[in-house]
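So you can see what is in the structure, the chains are spelled out below.
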Amino acid sequence: MKKFIGYAIATLLVIGMLFLLFNNKKTIREQKAAVSEDNTVVVETIRVADEDYTLEFSANGIISPIKELMYVSDVSGKVIKIFVDNGSQVRRGTPLLEIDKELLQADYEASKAAYESIQKNVDRFISSKEVGGISDQQLESLQTQLIAAKSRYEVSRRRLSDATVRAPMDGIINMRYVEIGSLIAPNAPLFDIVDNSDLKVICNLPESKINHIKKGQTVILTHNSLKREKFTGRINFIGVKTDRGLNYPVEIILDNNNLLRVGMYMKVNFISNTNHRGILVPRNAIVGGQRSSMVYLVKNGKAVAQEITLGEMIGDRVEVLSSLNEGNIIITSGLMNLSDGTPVKSIN
């Protein structure tokens, strides 16, 4: 029984090897079929022509809120109440926390009483002056004291009011940095507040593309994990100064969509706001890379290598900026068997 199984396995291995050899020979025959006995290569060709088109290009960016703020303290004291937590929705002026204001209240009441007392004395001196009871110098001195007292009163009133920290903008509390009992000082971080009612994406475009877009233009955005979804937005701002990479920042305001969240990585697809006319060739007809590219022309039955300058990608074709003219015939298949001067025969 074991011998039988061994013979069966060996037979299957031999059959598999014969199958692979047969397929390899078939592939070699197909490749040789493209070259006839007189070394003429069978190719496919197209005739190029000028046509109208629009440039399409893309850039990547990350969604961020239209407004966000790390709110820092401009007062000092001990936190005795906190009115919000992470995720709380707040409006401008909503109380966020309160610090111990016992001393601030006492200072406010004392400065208020002093101010009101001096104000009464000034009013009484003015009445006395009208009947010649006091001199101008005495009245001016008292009025100077009134100004100083009013200043102290306003400062103490402001400090007492600031003891209740309020939201400076509408948004959501994304992070709270303080606890009840915390001692805070000026410039200490208190909350991260995020306004995600509107979202934006900032991406960067080089000089060669920045002139093809304009403010207010609509763009299409996509996300890798939401491949079937297409999102829209409009260009809100185009930078006037490049960054270190010689790119200009472009800000896109997104149309509202419940699927979009802050921090998502988006691909922004732009379409030129102007029409262009020129020559486009299939990508598979190009040999080489972006910096050194060429195509093969058909002239007098032979393949002739022609260097070209590439522009932008337009779908599955590439813009050719130089060296091709309308009516030129270029080779689109069979390129692996070609060199400059190779005899060719077009099957189309």
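Residues numbered from 1 in each chain as written. Predicted model: local features only at pLDDT ≥ 70, side-chain atom pairs only at ≥ 80, totals over all residues. Heavy atoms only, no water.

Peer 1: Which residues make up the nonpolar core, and what are the values?
Peer 2: Of all hydrophobic cores here, the largest spans 26 residues; its most connected members are Val250, Ile252 and Phe270. Excluding residues within four positions of it along the chain, Val250 makes contact with Val201, Ile202, Cys203, Leu205, Ile210, Ile213, Ile235, Phe237 and Phe270. Val90, Leu96, Ile99 and Phe191 belong to the second largest nonpolar core, which has 18 residues in total. (Core = buried A, V, L, I, M, F, W, Y, C linked by side-chain atoms within 4.5 Å. Buried < 20%, exposed > 50% of the residue type's maximum accessible area, 1.4 Å probe, protein only. Contact = heavy atoms within 4.5 Å.)

Peer 1: Residues and numbers for the environment of Ile62, please.
Peer 2: Looking at the element boundaries, Ile62 is found in strand E3 (residues 56–72). Classification of Ile62 as partly exposed rests on a relative accessible area of 46%. Residues Ile62 and Lys267 lie 205 residues apart in sequence; the distance between their C-alpha atoms is 8.7 Å. Those residues within four positions of Ile62 in sequence are excluded, and the remaining contacts are Lys200, Val201, Ile202, Gly263, Met264 and Tyr265. (Helix = DSSP H or I, 4+ residues; strand = E, 2+ residues; numbered from the N terminus.)

Peer 1: Explain the packing of aromatic side chains to me, using residue names and the numbers behind them.
Peer 2: Here the structure, examined in full by the defined rule, presents three aromatic pairs. Geometrically, the ring pair formed by Tyr115 and Tyr153 is stacked, given 5.4 Å between the ring centres and 5° between the ring planes. One end of the pair, Tyr115, is in helix H2 (residues 102–130); the other, Tyr153, is in helix H3 (residues 136–162), with 38 residues separating them in the sequence. Across the pair, exposure class does not vary: Tyr115 and Tyr153 are buried alike. (Phe/Tyr/Trp six-rings, centres within 6.5 Å; stacked < 30°, edge-to-face > 60°.)

Peer 1: Explain the pairing of E3 to me, and be specific about the residues and the numbers.
Peer 2: Here seven bridges tie E3 to strand E14 (residues 265–271), and the two strands are oriented antiparallel to one another. Along E14, the bridge assignment pairs Ile62 with Tyr265. (Pairing = 2+ DSSP bridges.)

Peer 1: Go over a nonpolar patch on the surface, please, and point to the residues and values.
Peer 2: Together, Met70, Val72, Met175 and Tyr177 make up a nonpolar patch on the protein surface, roughly 340 Å² of accessible area in all. By the secondary structure assignment, Tyr177 is in the loop between strand E8 (171–176) and strand E9 (183–184). Overall, the relative accessible area of 38% leaves Tyr177 in the partly exposed class. (Patch = residues over 30% accessible without salt bridge, like charges linked within 9 Å, V, L, I, M, F, W, Y side chains within 5 Å. Areas by Shrake-Rupley, 256 points an atom, 1.4 Å probe, with all protein chains shown as cover. Salt bridge = Lys/Arg side-chain N within 4 Å of Asp/Glu carboxyl O.)

Fair warning: the whole summary comes from geometry, so function is off the table for now.
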